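Residue strings, one per chain:
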Amino acid sequence: MLEAIIVDDEIKALQSLSWELTNFSKEIKVSASFTDPFEALEYLNKNTPDCLFLDIEMPTMDGFQFIQKLTNKNFPVVITTAYNQYAIKALKNEAIDYLLKPIDTDDLKETIVKIKKFNAKNYTSERLERILLNFNANTHHKKITFNTDGKLLFLESDEILYAESDGNYSTIFLADGQKILLTKKLKEVNELLPDDSFFRIHNSYIINLHKIKEFLKTDGYVILSSNHKIPVSRQKKSDFLDMI
């Protein structure tokens, strides 16, 4: 059973769509409906429905502004509108579909099929991700897991040379020459790496201790097996020497 939420400032339109959904199919029910978009946002920040039917023309906040304010977007959004010109913009704003008022039963049937396909795809993806993460956490030789570009990346410690900070982003440099860009600060990356193999040698760098080839004490640099030259900060030098 799909649980639907309706947001529409016009009470008659809300009641009409609610009646259509309730009487159209046993596969969908209206869990909550709102004429006030702010109340709807508060509800959706605490609850995740199977789909949201959202009106575009609302006086206090239009539908596109509503979508932007959503902190939880783990459900498909269907735009409802009396104006056809909103269709393209609706789809660009992450809506799975749009329905023109008055809503046609056949159009609603097609929309429900899209909702079911969307939820089935997402369910499979999330379930697979949980299985992979749980498997990796329980293996004897745990790999390091990075979430990047819509995929999970599992790496051995030995594959990583070092990580470099770039503000709110970080780059992982691999032994085979690949670079992986992460939308994480270096502090967050450091928390993912095992303490016995990696050390934050500088505010901008974390190195794999097993990849050190040389330590230039006078210059304050380490040379990695890849010949990358990484600075050692004065504040980190004493702790670094203790580690090696």
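Residues numbered from 1 in each chain as written. Predicted model: local features only at pLDDT ≥ 70, side-chain atom pairs only at ≥ 80, totals over all residues. Heavy atoms only, no water.

Look at the link from Lys-101 to Pro-102: it is a cis peptide, with omega at -10 degrees. Looking at the secondary structure, you find Pro-102 in the loop between strand E5 (97-100) and helix H5 (105-138). A positive phi angle, near 75 degrees, is found at Asn-227, a position not held by glycine. With respect to the helices and strands, Asn-227 occurs in the loop between strand E14 (221-224) and strand E15 (229-231). Assessed through its relative accessible area of 54%, Asn-227 is described here as exposed. (Helix = DSSP H or I, 4+ residues; strand = E, 2+ residues; numbered from the N terminus. Buried < 20%, exposed > 50% of the residue type's maximum accessible area, 1.4 Å probe, protein only.)

On to the packing of aromatic side chains, then. The description of two aromatic rings rests on the distance between their centres and on the angle between their planes. Counted under the stated rule, the structure contains 3 aromatic pairs. Pairing Tyr-162 with Phe-173 gives two aromatic rings, centres 4.3 Å apart and planes at 10 degrees, and the pair type is stacked. Residue Tyr-162 is found in strand E8 (residues 160-166), and its partner Phe-173 is found in strand E9 (residues 169-174); the two are separated by 11 residues along the sequence. Given a relative accessible area of 5%, Tyr-162 falls into the buried group. Geometrically, the ring pair formed by Tyr-162 and Tyr-205 is tilted, given 6.2 Å between the ring centres and 50 degrees between the ring planes. (Phe/Tyr/Trp six-rings, centres within 6.5 Å; stacked < 30°, edge-to-face > 60°.)

Here the focus is helix H2 (residues 37-44). Among the residues of H2, those classed as buried are Pro-37, Ala-40, Leu-41 and Leu-44. On an axial view of H2, the arc spanned by its buried residues comes to 100 degrees, and they lie on one face. Those residues of H2 hidden inside the fold are in contact with strand E1 (2-7), strand E2 (28-34), strand E3 (51-55) and helix H3 (63-69). Two or three places before Phe-38, at the opening of H2, Asp-36 has a side-chain oxygen 2.9 Å from that residue's backbone nitrogen. (Arc of directions from axis to C-beta. Contact = heavy atoms within 4.5 Å. Polar contact = N/O pair within 3.5 Å; in protein donor to acceptor, adjacent residues only side chain to side chain.)

A word on the pairing of E2. Of the strand pairs in this sheet, E1 and E2 are connected by 6 bridges, and their pairing is parallel. Its bridge partner being in E2, Val-7 is matched across the sheet by Phe-34. Handedness of the E1-helix H1 (residues 11-24)-E2 crossover: right-handed. (Pairing = 2+ DSSP bridges. Right-handed = clockwise from strand over helix to strand, strands pointing away.)

Before going further, it helps to examine the sheet that holds E3. Consider a sheet: its strands pair through backbone hydrogen bonds, and that pairing is either parallel or antiparallel. The strand order across the open sheet built from 5 strands is E2-E1-E3-E4-E5, with neighbouring strands paired in parallel fashion. With partners counted over all chains shown, the strands left at the sheet margins are E2 and E5, one partner each. Neighbouring strand axes in the sheet, compared pairwise and without regard to direction, differ in orientation by 25 degrees on average. Here E1 pairs with E3 via 4 bridges, running parallel. From the neighbouring strand, Ile-5 faces E3, where its bridge partner is Leu-52. Against the sheet, H1 touches E1, E2, E3 and strand E4 (77-81), its axis set at about 165 degrees to E2. (Axes fitted to C-alpha atoms, helices over the stretch in contact; angles between N-to-C directions.)

Turning next to the nonpolar core. Soluble globular proteins tend to bury their nonpolar side chains together. Membership of the largest hydrophobic core comes to 20 residues, with the highest contact counts inside it found for Val-7, Leu-52, Leu-54 and Phe-66. If you list the elements that add at least two residues to this core, you get E1, E2, H2, E3, H3 and E4. Residues in contact with Val-7, not counting those within four places in the same chain, are Phe-34, Pro-37, Ala-40, Leu-52, Phe-53, Leu-54, Asp-55, Met-58 and Phe-66. Formed by 15 residues, the second largest nonpolar core is a distinct cluster that contains Cys-51, Phe-53, Leu-108 and Ile-115. (Core = buried A, V, L, I, M, F, W, Y, C linked by side-chain atoms within 4.5 Å.)

It is worth spelling out the confidence of the model for the protein chain at this point. Reading predicted coordinates in detail is not appropriate for stretches of low pLDDT. Per-chain confidence: the protein chain averages 84 in pLDDT, with 86% of residues scoring 70 or above. Helix H4 (residues 87-92) is the least confidently modelled element of the protein chain, averaging 64 in pLDDT, while E8 averages 95, the highest of any element. (pLDDT = per-residue confidence, 0-100.)

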